[in-house]
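# Residue-level structural notes
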Amino acid sequence: MQTIPLVDVRAEYEPLIPKLEAAFKAVLDKGQFIRGENYWAFQDEAAAHLGVKRTIGVANGTEALVIALNAMGVGPGDEVICPAFTFYATAEAVVQRGATPVFADIDPETLNLDIEDVAAKVTDRTKAIIPVHLFGRRMDVRPLVALGIDVLEDAAQAFGAHDVARHGRVSTFSFFPTKNLFCLGDGGLIATDDEELADRVKMLSFHGSKDKTDFELVGYNSRLDEMQAAFLRIFLQELDGWNAGRRAVAARYAELGLGELVEIPQDEPGHVYHLFVCRSPERDRIRAALTEAGIASATYYTTPLHLQPSLRYLGYAPGSLPVTEQAGAENFSLPLWPGMPEEAQERVVETVRAAVAVADPV
């Protein structure tokens, strides 16, 4: 029985291996491995693709968040509102800055921040809001911006999603190898239209220095690697096609009737389906059937951030974010990648159908 992976990254980059090998050789021949020509060129190309004035490449998506918060002046005594239904790094970065994460609940359909709950949790200590464009679904952050508080868009899962990075003060991205735009290792990016903020980010990512002689800030050693920048320049040219391929696979799941069996993500223009996350009270039964059939699946944020051991000091109790906690108990993702074979999708849907039939016999 042939297994079906959750994502097949090799299927995306394999046709590009000759270009990747040529880029690798070019960097070797040049011999400049830190802040070389690809590093600078990728930043310009990424900014053009996102429609922003500046981007700064950093070592990974987590450091992108930390550095962006630092550049925004977030520190001890400040509060930062964010979701608890997200990867740990979103809140971890806030704590790294000595600030306090304040968790807001999520919208039950989009799984992005509940704007009304955010507004209710704003205090005179609120320094920033971090919306997460979760699973490739863009959140309209303009109502958050209207609250008059700096917005940092965590777009780690949504490079290429419509209108991302256009309205918040700053946005951050991850190039972890399973992301929509990925590199062959770690990498991250910070994007902004604020020139002053961009200059500060640039210095912070380079030890707080403009010239490696005078150090104006206490910064970080966090630079996007030259080799990864070379690979990212190749992948960026493929991104729109890859995202269109993801949308096609998501649409096919709906056409195959998956939405009759479990709750599937609602489509909207610009959703880039970093992951295809479904929901069902019968999640565990369905996942067991998928595993038996050789089909990969995954769950996300089953212990949401407000209940994580490291953040218990914040005082949240079970039941304090009910929509978040229900999503953690019901979500599971199904295989999706650009160009996923239709027969593989049919096998996934039929396996889910059989599991649901067992759970709810006629």
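For the structure, see preceding data.
Okay, so let's go over this structure. Quantities reported herein were computed from a predicted structural model and do not represent experimental measurements.

This brings us to the side chain of Glu330. Mapped onto the elements of the fold, Glu330 is located in helix H11 (residues 322–330). For Glu330, a relative accessible area of 15% gives the class buried. At 3.2 Å, the side chain of Glu330 and the side chain of Arg279 are in polar contact. Setting aside anything within four residues of it in sequence, one finds Glu330 in contact with Cys278, Arg279, Ser280, Pro281 and Arg283.

With that settled, consider a negative patch on the surface. A surface patch of negative charge is lined by Glu255, Glu342, Glu343 and Glu346. Considering each element in turn, the negative patch owes the most residues, 3 residues, to helix H12 (residues 342–359). Its place among the elements puts Glu342 in helix H12.

This part is about helix H8 (residues 195–204). Think of an α-helix as turning once every 3.6 residues; residues three or four places apart then point the same way. Burial in H8 covers these residues: Leu197, Ala198, Val201, Met203 and Leu204. Looking at the buried residues of H8, the elements they touch are strand E1 (54–58), helix H4 (61–71), strand E6 (170–174) and strand E7 (188–192). Taking the backbone nitrogen of Glu196 as reference, a side-chain oxygen 3.1 Å away marks Asp194 as the first, capping residue of H8.

Counted under the stated rule, the structure contains 15 aromatic pairs. Plain terms: the ring middles of Phe85 and Tyr301 are 5.1 Å apart, the flat faces sit at 90 degrees to each other, and that makes the pair edge-to-face. In this pair, Phe85 sits in the loop between strand E2 (79–83) and helix H5 (89–96) while Tyr301 sits in the loop between helix H10 (283–292) and H11, placing the two residues 216 residues apart along the sequence. Residues Phe85 and Tyr301 agree in their burial class; the two are buried. The structure contains a cluster of three or more aromatic residues connected by ring pairs, namely Phe42, Phe159, Phe173 and Phe175. Stacked on the ring of Phe206, the Lys or Arg Arg35 has its end atom at 4.0 Å from the ring centre.

In this section: the pattern of salt bridges. Counted according to the given criterion, the structure contains 20 salt bridges. Between Asp117 and Lys121 there is a salt bridge whose closest N-O contact spans 3.3 Å. For Lys121, a relative accessible area of 24% corresponds to the partly exposed category. Overlapping salt bridges bring together Arg54, Glu195 and Asp199 as one network.

Below, the discussion takes up the environment of Gly259. On the secondary structure map, Gly259 appears in the loop between helix H9 (226–255) and strand E8 (276–279). It is 9.0 Å that separates the C-alpha atoms of Gly259 and Cys278, two residues lying 19 residues apart in sequence.

On to the environment of Asn112. Within the fold, Asn112 resides in the loop between strand E3 (100–104) and helix H6 (115–120). Considered as a pair, Asn112 and Thr86 are 26 residues apart in the sequence and their alpha carbons are 9.1 Å apart. Sequence-distant contacts of Asn112, defined by excluding residues within four places in its chain, comprise Ile106, Asp107, Val132, His133, Leu134, Arg137, Arg138 and Met139.

What counts, and where the lines are drawn
Residues numbered from 1 in each chain as written. Predicted model: local features only at pLDDT ≥ 70, side-chain atom pairs only at ≥ 80, totals over all residues. Heavy atoms only, no water. Helix = DSSP H or I, 4+ residues; strand = E, 2+ residues; numbered from the N terminus. Buried < 20%, exposed > 50% of the residue type's maximum accessible area, 1.4 Å probe, protein only. Polar contact = N/O pair within 3.5 Å; in protein donor to acceptor, adjacent residues only side chain to side chain. Contact = heavy atoms within 4.5 Å. Patch = residues over 30% accessible without salt bridge, like charges linked within 9 Å, V, L, I, M, F, W, Y side chains within 5 Å. Areas by Shrake-Rupley, 256 points an atom, 1.4 Å probe, with all protein chains shown as cover. Salt bridge = Lys/Arg side-chain N within 4 Å of Asp/Glu carboxyl O. Lys, Arg positive; Asp, Glu negative; His and termini not counted. Charge placed at Lys NZ, Arg CZ, Asp CG, Glu CD. Phe/Tyr/Trp six-rings, centres within 6.5 Å; stacked < 30°, edge-to-face > 60°. Lys NZ or Arg CZ within 6 Å of the ring centre and 35° of its normal.

Such coordinate-based values are descriptive only and should not be taken to indicate function.
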